[in-house]
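# Structural characterization, general
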Amino acid sequence: MVKLNDEEKVFSDKFWALKEKSGSHSPSILSILEISNRESFVDACFLSNPYATELFMEYFNRELIESGKLREFIEAYPPQNKEIAEYLSSTIKIPVGNIFIGNGAIEIIQAILHNFVNGKIVINLPTFSSYYEFAKEKDNVVYYQLPKERNYVLEVDPYIEFVKQNQPDTVVIINPNNPNGDYVSLENIERILCELSFVKNIIIDESFIHFAFEDANFSMVTTYDLLKKYPNLIVIKSLAKDFGIAGLRAGYCVMDEAKVTALLDTGYLWNVNCFANFFYRVYNRPEFMERYDVVRKKYIMNTQMFIKELSTIPQIKVYPSKANFALVELIDGTTAKDFMVKMFYTYGVYVRECGDKKGLGGQFLRIASRTFEENLTILKAIKDIFKNG
Ligand SMILES: *Cc1c(COP(=O)(O)O)cnc(C)c1O
């Protein structure tokens, strides 16, 4: 069992005071550095593909910085929502009328919950907290607890039965789920859509879907093609994690045309800033997409190896994941808070402590996969902590 020394305890008090101020999300990196004695750390809290960030930076540096065009970008208005939807339409091969662009997925979650949800909403636990925090009427939230003894896996039959019993207006499935990484196959998603045609809105959050796979080739999966058959489908997609661009605020939603129109008729005109707009332009190029797919697959391979290696550490239980992180349970009596603090303060690796996540019973951390080298650092830190106490 791991215990904190005096210096770690001092940092611990400061850290939890800071965390208290940021609610159910993590404090910003700068604010954490300010209270620590570190210049830098391995960020295994934030969930993003570092190889994709590196790839995008190459285009950003060349075409915005070195070209001297930055001022032009900053000085001008960005294109309107609809215009960005047009080039994204050719990238993702979905009709422009079905696409709504958000200032990150978080704005879309808010827009949908506030405009289209009028009744009970079924949210699976554990989950991404904004889905219940942004609900207009908290009394309408009905939780479906994923069973711990089944590794928090979403099993189709009991889920369908629960939804039928509750007759909600809306259901939310995050696929793969955050914070445990459980992936529901396309076949099972289709079964759910087929059985739940009476539900007005079926929200599938695919923010981590680029890291999931169904074949040995890691081919990209998505459910938007099912919109034609199931008009109640709403697919929400953040681009922050898979492209490693959280600071740009990019995300989109694929849904019934009437819903897109309803939102655009009431606002969201210039909700995409010039840098996110630049990203969509780049994403639209076949040459970028090909290169992205290479780093996406490389990262999936690293991640799956990382998760496998984590699973060999006897003091922790690692939950199966097809996302870019693993949910890890400490099973040797160490508290997740102490582990997180020691890992950061003494070993320079920042992981997410999950004590504030509803529906997780136990001592949990969420550990993101990084570059191959950083993953080795993370693994070594965990092993050393258990060795040194
Ligand atoms: C991170 C996250 C979001 C928010 O994404 P942004 O594009 O950064 O707003 C939405 N849904 C899930 C499941 C997430 O993990």
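Everything discussed here concerns the structure shown above.
Quick caveat: nothing in here was measured; it's all calculated off a predicted structure.

About the criteria used
Residues numbered from 1 in each chain as written. Predicted model: local features only at pLDDT ≥ 70, side-chain atom pairs only at ≥ 80, totals over all residues. Heavy atoms only, no water. Near = heavy atom within 4 Å. Polar contact = N/O pair within 3.5 Å; in protein donor to acceptor, adjacent residues only side chain to side chain. Areas by Shrake-Rupley, 256 points an atom, 1.4 Å probe, with all protein chains shown as cover. Helix = DSSP H or I, 4+ residues; strand = E, 2+ residues; numbered from the N terminus. Pairing = 2+ DSSP bridges. Axes fitted to C-alpha atoms, helices over the stretch in contact; angles between N-to-C directions. Contact = heavy atoms within 4.5 Å. Buried < 20%, exposed > 50% of the residue type's maximum accessible area, 1.4 Å probe, protein only. Core = buried A, V, L, I, M, F, W, Y, C linked by side-chain atoms within 4.5 Å. Parallel < 35°, antiparallel > 145°, perpendicular 65-115°, else oblique. Left-handed = near helix turned anticlockwise from the far one by under 90°. Nonpolar A, V, L, I, M, F, W, Y, C, P; charged D, E, K, R; others polar.

This part is about the site of the ligand. Inspection of the region around the ligand gives 15 residues, with Ala105, Asp205, Ser238, Lys241 and Arg249 positioned closest. A distance of 3.0 Å separates an oxygen atom of the ligand from a polar side-chain atom of Asn178. With respect to the ligand, the side chain of Arg249 contributes an N or O atom lying 2.7 Å from an oxygen atom. Summarising the interface, the protein chains cover 93% of the accessible area of the ligand, which totals 390 Å² for the free molecule. For the shell around the ligand, the element with the highest residue contribution is helix α6 (residues 105–115), accounting for three residues.

A few words now on the sheet that holds strand β4 (residues 141–145). The seven strands are arranged β2-β8-β7-β6-β5-β3-β4 in an open sheet whose pairing can be described as mixed. Two strands in the sheet have a free side with no partner beyond their single neighbour: β2 (99–102) and β4. Taking the axes of each pair of neighbouring strands and ignoring which way they run, one obtains an average angle of 20° across the sheet. Looking at chain direction, strand β3 (residues 121–125) and strand β5 (residues 170–174) are connected through three bridges and run parallel. Pairing of Ile123 across the sheet is with Val172, part of β5. Where helix α5 (residues 81–92) meets the sheet, it contacts β2 and β8 (251–254), and its direction lies at approximately 115° from that of β2.

As a further point, take the pairing of strand β7 (residues 233–238). The buried fraction of β7 is high, at six of six residues. Every second residue of β7 is oriented toward a common face, with Leu233, Val235 and Lys237 on one face and Ile234, Ile236 and Ser238 on the other, all of them buried. Taken together, the four bridges between strand β6 (residues 201–205) and β7 define a ladder with parallel strand orientation. Bridge pairing in β7 links Asp205 to Ile236. Two strands pair when backbone bridges link them, and β7 and β8 are joined in this way by four bridges, in the antiparallel orientation. By the bridge assignment for β8, Val235 is matched with Val254.

Looking now at the nonpolar core. Core analysis: the biggest nonpolar cluster contains 71 residues, and Tyr159, Phe279 and Tyr280 have the highest contact counts within it. Per-element accounting of this core gives the leading share, seven residues, to helix α3 (residues 50–66). Each residue touching Tyr280, except ones within four places of it in the same chain, is listed here: Ile84, Tyr87, Leu88, Ile101, Gly102, Leu239, Ala250, Gly251 and Val272.

This brings us to the packing of α5 against helix α11 (residues 274–283). Put simply, α5 and α11 touch, their axes get as near as 9 Å, and they point 30° apart. By the angle between their directions, the pair α5 and α11 is classed as roughly parallel. Crossing of α5 over α11 shows left-handed handedness. Contacts from Glu83, Ile84, Tyr87, Leu88, Thr91 and Ile92 in α5 reach Asn277, Tyr280, Arg281 and Tyr283 in α11. Each residue belonging to the contact of α5 with α11 can be placed in one class, and the counts come to six nonpolar, two polar and two charged.

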